[in-house]
Amino acid sequence: MHTRRIANLEVSAIGLGCMNLSHAYGTPPSPEQGERVLLAALDAGVTLFDTAALYGFGANEELVGRVLAPHRRKITLCSKGGMAGVKGEDGVTRRVIDGRPATLRRNCEDSLRRLRTDVIDLYYLHRWDKQVPIEDSVGELSRLVEVGKVRAIGLSEVSAATLRKAHAVHPIAAVQTEYSLWTRNPEIAVLAACREIGAAFVAFSPLARAFLTGRLTDVGALDAKDIRRPMPRFSAEHYPRNLALLPAFEALARDAGCTPAQLALAWLLAQGEDIVPIPGTTSLDHLHEDLAAADLPLPADVVARAGELINQRTVSGPRYPAQATQEVDTEEFAAG
Ligand SMILES: NC(=O)c1ccc[n+]([C@@H]2O[C@H](COP(=O)([O-])OP(=O)(O)OC[C@H]3O[C@@H](n4cnc5c(N)ncnc54)[C@H](OP(=O)(O)O)[C@@H]3O)[C@@H](O)[C@H]2O)c1
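Residues numbered from 1 in each chain as written. Predicted model: local features only at pLDDT ≥ 70, side-chain atom pairs only at ≥ 80, totals over all residues.

**Focus: the overall build of the protein chain**
Along its length, the protein chain carries twelve helices and twelve strands. The C-alpha atoms of the protein chain give a radius of gyration of 19 Å, which matches the 20 Å a tight globule of 336 residues would have. Here the protein chain holds 336 residues, and 48% of them are scored as buried. Look at the contacts in the protein chain between residues 6 or more apart in sequence, and 77% of them connect residues 24 or more apart. (Helix = DSSP H or I, 4+ residues; strand = E, 2+ residues; numbered from the N terminus. Rg over C-alpha atoms; globule rule 2.2 N^0.38 Å. Buried ≥ 20, exposed ≤ 12 C-beta atoms within 10 Å, placed from the backbone. Contact = placed C-beta atoms within 7 Å.)

**Brief notes about the site of the ligand**
Not every one of the 28 residues close to the ligand is listed here, only the nearest: Gly17, Met19, Phe204, Leu207 and Gly280. Residues of the shell around the ligand, tallied by class, amount to eleven nonpolar, eleven polar and six charged. (Near = placed C-beta within 6 Å. Nonpolar A, V, L, I, M, F, W, Y, C, P; charged D, E, K, R; others polar.)

**Concerning unusual backbone geometry**
At alanine 7, a residue that is not glycine, the phi angle is positive and equals roughly 50°. With respect to the helices, strands and loops of the structure, alanine 7 is situated in the loop between β1 (3-6) and β2 (9-12). With 17 C-beta atoms packed within 10 Å, alanine 7 lands in the partly exposed category. Positive phi, normally seen in glycine, also occurs at arginine 209, with a value near 55°. Tracing the backbone shows arginine 209 in the loop between β11 (200-204) and α7 (239-243).

**Observations regarding the environment of serine 30**
Residue position: serine 30 is located in the loop between β3 (16-17) and α1 (31-43). For serine 30, a count of 11 C-beta atoms within 10 Å translates into the label exposed. As for serine 30 and threonine 93, which are separated by 63 residues in sequence, their C-alpha atoms are 21 Å apart.

**Observations regarding the nonpolar core**
The biggest cluster of nonpolar side chains holds 98 residues, and the ones touching the most others in it are Val175 and Val276. Beyond its immediate chain neighbours, meaning those up to four positions away, valine 175 contacts Gly154, Leu155, Val158, Leu163, Val190, Cys194, Ala199 and Phe201. (Core = buried A, V, L, I, M, F, W, Y, C linked by C-beta atoms within 7 Å.)

**As for the sheet that holds strand β9 (residues 150-156)**
Spatially, β3-β4-β5-β8-β9-β10-β11-β12 is the arrangement adopted by the eight strands of the open sheet, whose pairing is parallel. Looking at which strands have only one partner, the edges of the open sheet turn out to be β3 and β12 (275-277). The sheet strands contacting helix α6 (residues 190-197) are β10 (172-178) and β11, and the helix crosses β10 at an angle near 165°. (Pairing = 2+ DSSP bridges. Axes fitted to C-alpha atoms, helices over the stretch in contact; angles between N-to-C directions.)

**Describing α1**
A rise of 1.5 Å per residue sets the reference length of α1, with its 13 residues, at 18 Å; its end C-alpha atoms lie 18 Å apart and thus fit the reference within 8%. Of all the residues in α1, the buried ones are Gly34, Val37, Leu38 and Ala41. For α1, the arc enclosing every buried residue in end-on projection is 95°, short of the 170-degree limit, so these residues lie on one face. Exposed and oriented more than 90 degrees from the buried face of α1 are Glu32 and Asp43. On the buried face of α1, the contacting elements are β3, α2 (59-68) and α10 (284-291). Once α1 finishes, glycine 45 follows within two positions and takes phi at roughly 105°, a positive value. (Expected span 1.5 Å × (residues − 1). Arc of directions from axis to C-beta.)

**Quick notes on the pairing of β1**
Side chains Arg4 and Ile6 project from β1 onto a buried face, and the interleaved Thr3 and Arg5 project onto a face without burial. Of the pairings in the sheet, the one linking β1 to β2 comprises four bridges and is antiparallel in character. What sits directly across from arginine 4, in β2, is valine 11. Hairpin remark: β1 followed by β2, antiparallel, with two residues in the connecting loop; positive phi at alanine 7, about 50°.

**Observations concerning the packing of helix α8 (residues 246-256) against helix α11 (residues 300-309)**
Their axes nearest at 10 Å, the elements α8 and α11 cross at an angle of 170°. Taken together, the axis directions place α8 and α11 in an arrangement best described as roughly antiparallel. Here Ala248, Phe249, Leu252 and Ala256 of α8 come into contact with α11, specifically with Val302, Arg305, Ala306 and Leu309. (Parallel < 35°, antiparallel > 145°, perpendicular 65-115°, else oblique.)

**Overview of the pairing of strand β6 (residues 83-87)**
If a strand is regular, its side chains alternate between the two faces of the sheet. As defined by bridge partners, β6 adjoins strand β7 (residues 93-97) across five bridges and the pair is classed as antiparallel. Across the sheet, lysine 87 pairs through a bridge with threonine 93, a residue of β7. Hairpin connection of β6 to β7: five residues between the antiparallel strands, including glycine 91 at a positive phi of 85°.

**A word on the packing of helix α5 (residues 160-169) against α6**
The N-to-C vectors of α5 and α6 enclose an angle of 20°; their axes lie 9 Å apart at closest approach. Comparing the axis directions of α5 and α6 gives the class roughly parallel. α5 and α6 meet at a crossing whose hand is right-handed. Packed against α5, whose contacting residues are Ala160, Leu163, Arg164 and His167, the element α6 presents Val190, Ala193 and Ile197 at the interface. Grouping the amino acids of the contact of α5 with α6 by side-chain chemistry returns five nonpolar, one polar and one charged. (Left-handed = near helix turned anticlockwise from the far one by under 90°.)

Nothing here speaks to function; it is all geometry.
Here it is, written out as structure tokens:
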């Protein structure tokens with residue numbers, strides 16, 4: 001697999017988003033299947049693995065740690081803190097955004113233990129906690145770098161302004177934000193700011209949470225707890241309109257000799273050498289299909305046409321429900 005750079009780390013051009021192995025899209029696969037996916041990714045040349053304290057409230061880091069610890073020196077291990085599961089007085093664990101320095105320190109210690117390592121290569125602030133100045137959160141992450149627990153710092157879902165403030169405290173190696181044909185928010189300002197300061201851009205949900213694969217046709221069949229259920233673009237109002245974008249996109253992929261998922265990933269890779277997509281999957285077949293996108297020789301006109309077919313103007317519905325929109329710090333496009 002080709003490689004790309006995140007600061008001084010050389011990583012596979014496509015990384016593996018590990019979230020789905022424990023969290024998010026319905027019932028997660030068995031730990032045995034999770035292990036098979038992680039090892040197959042490693043075998044196929046993936047060296048960038050992305051997890052977070054949040055995913056499965058620690059279970060995802062435990063899985064990644066158990067399976068990948070023997071291969072630790074071969075991989076770039078990325079995790080995130082500042083948004084994790086916290087057990088309430090009622091005994092129920094809930095997702096809490098907390099970017100206070102003491103919490104970040106504790107999150108990092110917990111992640112190191114679960115990941116069975118003494119250093120995390122790239123440690124992200126999962127969300128900027130708007131109650132805490134970004135300088136304070138990043139200041140604490142820089143102390144984790146100083147004491148050798150973290151090699152490089154990243155931010156997730158931040159605006160260009162927040163990124164610049166953070167970078168003034170400590171060099172930011174990467175920004176991880178949703179980016180795909182149907183979510184173009186980073187094109188407003190964040191991508192340019194990354195390029196200005198020399199941060200890599202890690203694109204999460206690069207397959208639009210399965211929409212761009214063309215294989216998610218019945219959102220009514222999604223599990224009750226699937227996190228796509230409350231997302232407007234997957235609603236009964238908007239999804240049929242979004243599905244109507246697919247036949248032309250699928251035909252474009254077919255003519256180019258690839259699958260829609262591969263076209264979606266190749267489009268992202270073509271947006272710049274500084275972009276590293278991290279698709280997630282629970283399936284070995286999907287994994288191999290997705291990774292093959294890194295070696296696709298796609299003509300520039302096909303890439304351009306894909307961008308014309310699916311973009312923020314053609315897609316229907318905002319990307320997040322109102323509450324989740326408040327939690328992110330990105331410059332959103334106006335409606336549509
Ligand atoms: N920083 C953040 O706030 C944040 C937020 C979300 C995600 N992330 C990271 O980004 C990673 C990827 O994002 P994501 O999982 O949300 O979205 P994604 O990669 O865009 O889509 C994942 C979905 O697509 C399906 N899929 C993958 N390849 C496929 C193929 N070839 N054919 C058919 N279906 C396919 C998967 O189902 P199957 O299992 O059936 O393949 C899964 O339902 C996560 O694992 C996580 O590490 C970060």
